[in-house]
Amino acid sequence: MARAIYTEYTDQIESFSIDESWLDVSGSTSLFGDGKTIADIIRKRFREELGLTASVGVSWNKIFAKLGSDMKKPDITTVITLDNFRETVWPLPVSELLYVGRSTRNKLNNRAVFTIGDLALRNINKLRLLLGVWGETLYTFANGLDTSPVRPAGEEGIVKSIGNSTTTVRNLQNNEDVKLIIFVLAESVAARLRKHGLKCTTVSISVRSNELLSLERQSKLHVPTFLSDDIAERAMELFTSSYCWDKPIRSIGVRGADLVTADGHVQIDLFDGGKTEVEDLERTIDILRKRFGHYSVQRCSMLLDRKLTGFNPKEDHVIHTVSFFK
């Protein structure tokens, strides 16, 4: 019913959650008035037709519009403009910025970045060193430079792959170092595949040396999987066959692609029994970690170098929908 109201003002409507949407009304202002006027009309209609209150953020980009909708509740329109965003947005805690989760907030706080303004004024190269490419993205958000469009109504985002990567705390010097990181990443990828009811049929890796030289490889699997061992073993095969160790490694990524539904019709491998039991085991591990924390169940190999493997890519790394960055 809310969406039906939105469609009377624009066909660019992108759902963000069950009760949040972005609307691009730039093509409707000549009919209904400016963004604030349209927001106020929608809020009024919500009260009268649906018996609901709505808080609306109005801005020139999606990040600040979302931020504005959270600033004042329960039935207020907040306008963030090019003229007032430094006074309105920059004093807010950095955790108020979209996609700044607990782990990212802690990393920024440890570098004396406490507000969105602190983030906006920080040297972008230092943010890249701290958070990788995500540091540059957050810098863009904080400075109001996001240009991602609002998708037309009815356009659905499709999950095409699931992956995680990390910049390691030290240079990786040998295959054993790489194996530890790959298993951490593979467990995260596998858990996320299971969460979404998917299996991957392709495994890919990305490797970056300490001199920022990059390598990417991928390989098809014989049977779709959401098991961490399957993903890690194929990732290690790709790595050992492709990397010659002329330089130490600083960044690794693992990704599962060409996804299929986990409960779909899959050809059973007659010579690889016990997969059902392993799948049940990994689902049980998911339950234990959800209840008692990520580190409640660990591989013994993870204890060999806790400084290197002591991170949780499934929760510490930000996961976002592909559609937002189209």
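Residues numbered from 1 in each chain as written. Predicted model: local features only at pLDDT ≥ 70, side-chain atom pairs only at ≥ 80, totals over all residues. Heavy atoms only, no water.

Caption draft 1: Main features of the side chain of Lys 66. Relative to the elements of secondary structure, Lys 66 occurs in helix α4 (residues 62–71). Residue classification places Lys 66 among the buried residues on the basis of a relative accessible area of 13%. Apart from residues no more than four positions distant in its own chain, Lys 66 is found in contact with Phe 16, Glu 20, Trp 22 and Leu 98. (Helix = DSSP H or I, 4+ residues; strand = E, 2+ residues; numbered from the N terminus. Buried < 20%, exposed > 50% of the residue type's maximum accessible area, 1.4 Å probe, protein only. Contact = heavy atoms within 4.5 Å.)

Caption draft 2: Structural detail: the confidence of the model for the protein chain. Model confidence for the protein chain is summarised by a mean pLDDT of 88, while 90% of its residues fall at 70 or above. Low pLDDT, under 50, characterises residues 318–323; the predicted model gives this stretch 10 contacts beyond four residues in sequence or across chains. (pLDDT = per-residue confidence, 0-100.)

Caption draft 3: Geometry of unusual backbone geometry. Residue Pro 74 is bonded to the preceding Lys 73 through a cis peptide linkage, with omega at 15 degrees. With respect to the element layout, Pro 74 can be found in the loop between α4 and β4 (77–79). Located in the positive-phi region is Asp 258, a residue other than glycine, with phi close to 50 degrees. The topology assignment puts Asp 258 in strand β8 (residues 249–261).

Caption draft 4: Here's a closer look at the pattern of salt bridges. Using the criterion set out here, one finds 24 salt bridges in the structure. A salt bridge links Lys 247 to Asp 246; the shortest N-O distance between them is 3.6 Å. Residue Asp 246 is classed as exposed on the basis of its relative accessible area of 52%. Within this structure, Lys 36, Asp 40, Arg 43, Arg 47 and Asp 75 form a network of salt bridges that share partners. (Salt bridge = Lys/Arg side-chain N within 4 Å of Asp/Glu carboxyl O.)

Caption draft 5: View of the sheet that holds strand β7 (residues 214–225). Strand order in this open sheet of four strands is β5-β8-β6-β7, and the pairing throughout is antiparallel. Of all strands in the sheet, those with a lone pairing partner are β5 (161–172) and β7, marking the two edges. Neighbour to neighbour, the strand axes of the sheet diverge by 15 degrees on average, direction disregarded. With 11 bridges joining them, strand β6 (residues 198–209) and β8 adopt antiparallel strand pairing. By the bridge assignment for β8, Cys 200 is matched with Leu 259. Its contacts with the sheet put helix α11 (residues 228–242) on β6, β7 and β8, and the angle it makes with β7 is roughly 140 degrees. (Pairing = 2+ DSSP bridges. Axes fitted to C-alpha atoms, helices over the stretch in contact; angles between N-to-C directions.)

Caption draft 6: A look at the environment of Ala 257. Secondary-structure assignment places Ala 257 in strand β8. On the basis of relative accessibility, which here comes to 16%, the residue Ala 257 falls in the buried class. With 22 residues separating them along the chain, Ala 257 and Glu 279 place their C-alpha atoms 19 Å apart. With near-sequence residues (within four places) excluded, Ala 257 lies in contact with Lys 160, Ser 161, Cys 200, Thr 201 and Thr 202.

Caption draft 7: Broad picture of the environment of Asp 286. Locating Asp 286 in the fold gives a position in helix α12 (residues 275–292). Separated by 107 residues in sequence, Asp 286 and Lys 179 place their C-alpha atoms 22 Å apart. Once residues lying within four places of it in the same chain are set aside, the contact partners of Asp 286 are Ala 191 and Arg 194.

Caption draft 8: Representation of the side chain of Asp 177 in the model. The residue Asp 177 is located in helix α10 (residues 175–195) in this model. Polar side-chain contacts of Asp 177 include one of 3.1 Å to the backbone nitrogen of Gln 173. (Polar contact = N/O pair within 3.5 Å; in protein donor to acceptor, adjacent residues only side chain to side chain.)

Caption draft 9: Structural context of the nonpolar core. Grouped together as the largest cluster of nonpolar side chains are 35 residues, with contacts concentrated most on Val 178, Ile 182, Leu 193, Ile 231, Ile 249 and Ile 252. Mapped onto this core, the elements with two or more residues apiece are β5, α10, β6, β7, α11 and β8. If we ignore the near neighbours within four places in the chain, the residues touching Ile 252 are Asn 164, Ser 165, Thr 166, Leu 172, Val 178, Ile 181, Ile 182, Leu 185 and Ser 206. Ranked by size, the runner-up nonpolar core spans 27 residues in total, among them Phe 64, Val 89, Leu 92 and Val 94. (Core = buried A, V, L, I, M, F, W, Y, C linked by side-chain atoms within 4.5 Å.)

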